[in-house]
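Residues per chain are reported as follows:
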Amino acid sequence: MSGGSYYVPASSKWPVLGSLALGAMMIGTGVVLVHGSSGMPIMVIGLIGILAVMALWFRDVIHESRQGLYDAQMDRSFRWGMGWFIFSEVMFFAAFFGALFYIRTFALPWLDGEGAKGVAALLWPDFTASWPLLEPPDTAIQGPHQTFSPWHLPLVNTLILVGSSITLTVAHEGLKEGHRDTARHWLTLTVLLGLCFIAIQGLEYREAYVHYGITLQAGIYGATFFLLTGFHGAHVIVGTLILIAILARVQRGHFSEEHHFGFEAAAWYWHFVDVVWIGLFTFVYVF
Amino acid sequence: MASHLPPRPTAQHSQADAGGMAADEHHHGPRGLKRWLLTTNHKEIGSLYLIFSLSMFFIGGIFAMVVRAELFQPGLQLVQPEFFNQMTTMHGLIMVFGAVMPAFVGLANWMVPLQIGAPDMALPRLNNFSFWLLPVAFALLLSTLVMPGGAPDFGWTFYAPLSTTYAPPSTTFFIFSLHLAGISSILGAINIIATILNLRTPGMRMMDMSLFVWTWLITAFLLIAVMPVLAGVITMMLLDINFGTSFFNAAGGGDPVLFQHLFWFFGHPEVYIMILPAFGIVSVIIPTFARKRLFGYASMVYATASIAILSFLVWAHHMFVVGLPLVAELFFMYSTMLIAVPTGVKVFNWITTLFRGSLTFEPPMLFALAFVVLFTIGGFSGLMLAISPADFQYHDTYFVVAHFHYVLVPGAVFAIMAGVYYWLPKWTGHYPHTRLSQWHFWLSVIGVNLTFFPMHFAGLAGMPRRIPDYALQFADFNMITSIGAFMFGISQLLFVAVVVLCVRGGEKAPAKAWDGAEDLEWTVPSPAPLHTFETPPRFEPDRH
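Residues numbered from 1 in each chain as written. Chains lettered and ligands numbered in written order. Predicted model: local features only at pLDDT ≥ 70, side-chain atom pairs only at ≥ 80, totals over all residues. Heavy atoms only, no water.

1. Brief notes about the overall build of chain B
What counts, and what does not: Under the DSSP-based scheme used, a helix requires at least four consecutive residues in state H or I and a strand at least two consecutive residues in state E, with every element numbered from the N terminus. Radius of gyration: over C-alpha atoms. The globule rule applied is 2.2 Å multiplied by the number of residues raised to the 0.38 power. Every accessible area reported is derived by Shrake-Rupley at a probe size of 1.4 Å, with residue values counting cover from the shown protein chains alone. Positive charges are assigned to Lys and Arg, negative charges to Asp and Glu, while His and the chain termini are left out of the count. We put the charge of a Lys on NZ, of an Arg on CZ, of an Asp on CG and of a Glu on CD.
Helix and strand counts for chain B stand at 16 helices and zero strands. Here chain B has a C-alpha radius of gyration of 23 Å; the compact-globule value for 544 residues is 24 Å, and the two agree. Per element, the accessible surface of chain B, about 18500 Å² overall, is 70% carbon and sulfur. Side chains of chain B give 23 positive and 26 negative charges; the mean places of these two sets differ by 11 Å.

Structure follows, in structure tokens:
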């Protein structure tokens, strides 16, 4: 354990500026949602503020790391921190998967009059439960015309994302063996695969809205579809940005064979996003 | 502040021996307001949390006083029902997320590094970020009071569709403020876990840690597990309100009951988040003033862990009357009753620690003893509520209000106050004023029981909660409750007086301020210097 070398940073202005920026973004978004576009400037300023604070805060951390201020104990703090952060993300998605399972297993059959919950069936006597739910109980809500076959774009995206996890592992192995060029090339490939995934997901969303009638307003199917794939997609975008930052750091030679937790943390995050997609592919698209 | 980056490392590793004698001259940081805005020091951040929590305690308290003033007599006197609803809602939200939770995080910030012999929290900048999210979050939440349509008025549990379809426009801002508070909690919990797992002084094993550290470790786990679920459910609300999704709308195939499942999957662990650190504080204070080892240390640890695990399996006992299948009613009834077992272990251990101890009754001990008795009353009424068929009668009555206020006010809040009285000598170098503390204690105990005990009877007789008016037969109970509430509320000014006086002066406290105190914080001077344990202290537990 520590021999008294644990680095305690002096005061920093990034945290408090970060909280102000985050607050500004949320207030701005709230104003946009409630009162219209007058909140847009605050929202944008907040967003830019967050990005700037993150960049500058990470710059400090990288600088301190490069100066050798971090010992093995500090490294463990980062590992615990990142690990528990990913656990919190797991629970965030668990809530959404839980909602999906609850709707499919309980809520819809009960609305259909199954089980001891007959009262719910009185609301819409003609309603028939099914999944994907193409006809929501209330006819005022237009359900989707059809849903995606999992074996086209979703399958392609599965292969891309699983492949990207493999390329990332190859890059990591390269880094550990001191082959920086190997690491760089495979990491570049990983980033490209991430970008492909995002593009294909964008394509699929367009299809959903234009041809399939799958929208946020299309009853519970559209809601759960966009909730799960949307938050996953947002995580892929963030993950890709992280990988791009890590790629830049690899190019500058920031990482040694032993000391490269920045890379590993990014990799953990990317693998987590990959695992979530496996869950999505299975329960949103296939079954 | 100088613009060059990164901040220069302070002379952290050059300092003296165990006990960390480094004094304030090593603090090269900014002065004045900037010092508090930019600080990365766990003690300063701990103080910020505690001051923030105290101000929220009074704001939430004022809302409670509005509620009690209206309920002093039957009929509508002072406020409109709409505003009454905003007051009950804001009182709950402010007290849960703004007062109790930040108070415990503040105590953890101050005391966890001191009790494990760490130089600071594991991630000091993140620590500052966690804190400064809170003022932003609660400024936003309080600002909803002046928004068109008023503040959230659907209760602190914000059940859909009351909080979606029928909600005031300010609900969107409420959701964002809760997001900010949630991010703060998650990051704070990550920091605490990393600190406990990684920064213990050499030689300190997990089973050597103080119970306060143990309970916080488990609480932090609960926070990281369930705050994201809260974030998820309020995000679904946001989408239902603003983007036309139908998560909680049966017309589109969703289900309002889904909201309750998700909310209580967060909400039940959340109530343990507010009580486990309280258990820890009491488990530290009772041995000190009984001058005995804590009875059953290991069983305390296992009981805490059991309570935490069980807390994930009991959420639907809040929903017994929503129309659950019979098998769910039974499962959640039995799993809830099971929690009485580890909780009973704890109460047993506290009492056994007291048994044949050399007791003295300093202010922290008074609050800790009141905690044991009054929290147990709340525990027993919880057991009554756990019985599903009986809950059909109690549900949504003042009996429930009595129950959770017993575990939260003479439970969590008394434990926080016990902790503050216990550690004030370490923070300020002075003992709290004894007479004034005793007045504060006795007025609080009498006030709290006057307030909440009659609620049991009103509830059992059928008085519904969250209603600004009531039938005449509840008038006497409500008058007593309101008198007690004002008594309790006003006597908290004494608490502020004690704290302020203690900061400014008083009887000097030595490093080891209490006779029977054992943990590492008592090896550093009182008041604790800004930087402590820059070199890990020697830790030699006597393991017998």
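2. As for a nonpolar patch on the surface
All names here are of chain B. Quick reminder of the rule: Residues qualify for a patch when their relative accessible area is over 30% and they have no salt bridge, like charges being joined within 9 Å and the nonpolar side chains of Val, Leu, Ile, Met, Phe, Trp and Tyr within 5 Å. Criterion for a salt bridge: a side-chain nitrogen of Lys or Arg within 4 Å of a carboxyl oxygen of Asp or Glu. The classification of residues rests on relative accessible area computed with a 1.4 Å probe and restricted to protein chains. Under 20% of the type maximum is buried, over 50% is exposed, and intermediate values are partly exposed.
On the surface, Phe72, Trp442, Ile446, Leu450, Met479, Ile480 and Ile483 cluster together into a nonpolar patch covering about 590 Å² of accessible area. Sorting the residues of the nonpolar patch by element identifies helix H15 (434-460) and helix H16 (475-504) as the ones contributing at least two each. Structurally, leucine 450 is set in helix H15. Residue leucine 450 is classed as partly exposed on the basis of its relative accessible area, which comes to 30%.

3. A few points about the packing of aromatic side chains
As a reminder of what qualifies: Any two rings among Phe, Tyr and Trp, with Trp reduced to its six-membered ring, count as a pair given centres within 6.5 Å; such a pair is stacked if its planes are under 30 degrees apart, edge-to-face if over 60, and tilted if neither.
Under the definition given, this model contains 81 aromatic pairs over all chains. Pairing tryptophan 84 of chain A with phenylalanine 87 of chain A gives two aromatic rings, centres 5.6 Å apart and planes at 85°, and the pair type is edge-to-face. Here tryptophan 84 of chain A and its partner phenylalanine 87 of chain A are both found in helix H3 (residues 72-111), three residues apart, which amounts to about one turn of the helix. For phenylalanine 87 of chain A, a relative accessible area of 23% translates into the label partly exposed. Note on phenylalanine 259 of chain B and phenylalanine 263 of chain B: the rings are 5.9 Å apart at their centroids and 10° apart in plane angle, and the pair reads as stacked. Taken as a pair, phenylalanine 259 of chain B and phenylalanine 263 of chain B lie in helix H7 (residues 256-273) at a separation of four residues, close to a single helical turn. Pair check on accessibility: phenylalanine 259 of chain B and phenylalanine 263 of chain B agree, each one buried.

4. Brief notes about the confidence of the model for chain B
To be explicit about the condition: On a range of 0 to 100, pLDDT expresses the predictor's confidence in each residue. Contacts: residue pairs with any heavy atoms within 4.5 Å of one another.
Summing up the model confidence of chain B, the mean pLDDT is 94 and the portion of residues at 70 or higher is 94%. Here residues 1-25 of chain B scores under 50 on pLDDT; set against residues more than four positions off or in separate chains, the count is 55 contacts.

5. Focus: the packing of helix H14 (residues 398-428) of chain B against H15 of chain B
Residues and elements named next belong to chain B. Defined as follows: Only C-alpha atoms enter the line fits that serve as axes; for helices the fit covers just the stretch in contact. Angles between N-to-C directions range over 0 to 180 degrees. Roughly parallel refers to an angle under 35 degrees, roughly antiparallel to one over 145, roughly perpendicular to one between 65 and 115, and oblique to any angle outside these ranges. Should the near helix be turned anticlockwise from the far one by less than a right angle, the crossing is left-handed, and should it be turned clockwise, the crossing is right-handed. Each residue is assigned to one class: nonpolar for Ala, Val, Leu, Ile, Met, Phe, Trp, Tyr, Cys and Pro, charged for Asp, Glu, Lys and Arg, and polar for all the others, Gly among them.
Two numbers describe how H14 lies on H15: the axes approach to 7 Å, and their chain directions differ by 165°. As the angle between them shows, H14 and H15 are arranged roughly antiparallel. H14 and H15 meet at a crossing whose hand is left-handed. Its residues assigned to classes, the contact of H14 with H15 comprises 17 nonpolar, seven polar and no charged.

6. Concerning the interface of chain B and chain A
The line we're drawing: Summed over both partners, the accessible area lost on bringing two parts together, with a 1.4 Å probe, is the buried area. In the analysis that follows, any N or O atom pair within 3.5 Å is treated as a polar contact, provided that within protein one partner can donate a hydrogen and the other can accept it, and provided that, for residues neighboring in sequence, both atoms belong to side chains.
Each side of the interface is counted separately: chain B has 81 residues, and chain A has 75 residues. Between chain B and chain A lies a buried interface of about 6400 Å² when both sides are counted; carbon and sulfur atoms form 74% of it. The interface formed by chain B and chain A contains one salt bridge. Of the charged contacts in the structure, one is a salt bridge between glutamate 64 of chain A and arginine 125 of chain B, with a shortest N-O distance of 2.8 Å. The interface formed by chain B and chain A holds 12 residue pairs in polar contact (both at pLDDT 80 or more) in total. When residues of the side of chain B that touches chain A are traced back to their parent elements, those giving at least two are helix H1 (32-38), helix H4 (124-143), helix H5 (171-198), helix H6 (211-242) and H7 of chain B. Looking at the side of chain B that touches chain A, its residues break down into 51 nonpolar, 24 polar and six charged.

7. Some words on the side chain of threonine 224 of chain A
Locating threonine 224 of chain A in the fold gives a position in helix H7 (residues 219-251). By relative accessible area, threonine 224 of chain A is classed as buried at 4%. Contact partners of threonine 224 of chain A, with chain neighbours within four places excluded, come to Leu100 and Trp131 of chain A together with Phe247 of chain B.

8. Section: H14 of chain B
What counts, and what does not: To get the bend at a residue, fit one axis to the 7 residues ending there and another to the 7 starting there, then take the angle between the axes.
The sharpest bend along H14 of chain B measures roughly 40° and falls at tyrosine 422 of chain B, with the proline proline 425 of chain B sitting one to four residues further on. Phi for glycine 429 of chain B, located one or two positions after H14 of chain B, is positive at around 85°.

9. Focus: the pattern of salt bridges
Across all of its chains, the model carries 10 salt bridges over all chains by this definition. The closest approach of N and O atoms between arginine 79 of chain A and aspartate 75 of chain A, which form a salt bridge, is 2.8 Å. One end of the pair, arginine 79 of chain A, and the other, aspartate 75 of chain A, are both in helix H3, four residues apart, so they sit about a helical turn from each other. Residues aspartate 515 of chain B and arginine 291 of chain B are paired through a salt bridge, measuring 3.5 Å at the closest nitrogen-oxygen approach. Residue aspartate 515 of chain B is located in the segment after H16, and its partner arginine 291 of chain B is located in the loop between helix H8 (276-290) and helix H9 (297-310); the two are separated by 224 residues in the primary sequence. Linked through salt bridges whose partners overlap, the residues forming this network are Asp75, Arg79 and Glu264 of chain A.

10. A few points about the nonpolar core
The nonpolar side chains of a soluble globular protein tend to be buried with one another. Short version of the rule: Here the nonpolar core consists of buried residues drawn from Ala, Val, Leu, Ile, Met, Phe, Trp, Tyr and Cys, with membership extended through side-chain atoms lying within 4.5 Å.
Core analysis: the biggest nonpolar cluster contains 272 residues, and Phe97, Phe138, Phe158, Trp350 and Phe371 of chain B have the highest contact counts within it. Apart from the residues within four sequence positions on either side, phenylalanine 371 of chain B is in contact with Ile275, Ala278, Phe279, Val282, Trp350, Thr376, Pro410, Gly411, Ala412 and Ala415 of chain B.

11. Here we look at unusual backbone geometry
The omega torsion of the bond from tryptophan 131 of chain A to proline 132 of chain A falls at 0°, within 30 degrees of zero and hence cis. Cis geometry is found at the peptide bond from alanine 160 of chain B to proline 161 of chain B, where omega equals 0°. The residue proline 161 of chain B is located in the loop between H4 and H5 in this model. Residue arginine 291 of chain B is not a glycine yet carries a positive backbone phi of 55°. Residue classification places arginine 291 of chain B among the partly exposed residues on the basis of a relative accessible area of 30%. Despite not being glycine, phenylalanine 533 of chain B has its phi angle at roughly 55°, a positive value. As for its position among the elements, phenylalanine 533 of chain B is in the segment after H16. Taking the relative accessible area as the measure of exposure, phenylalanine 533 of chain B reaches 1% and is therefore buried.

12. Considering the packing of helix H6 (residues 180-212) of chain A against helix H8 (residues 261-286) of chain A
Residues and elements named next belong to chain A. Contact geometry of H6 with H8 gives a least axis separation of 13 Å together with a crossing angle of 30°. Here H6 and H8 pass one another in a crossing that is left-handed. Contact residues: H6 offers Leu187, Thr190, Gly194, Phe197, Gln201 and Glu204, while H8 offers Phe263, Trp270, Trp277 and Tyr285. Of the residues assigned to the contact of H6 with H8, the class counts are six nonpolar, three polar and one charged.

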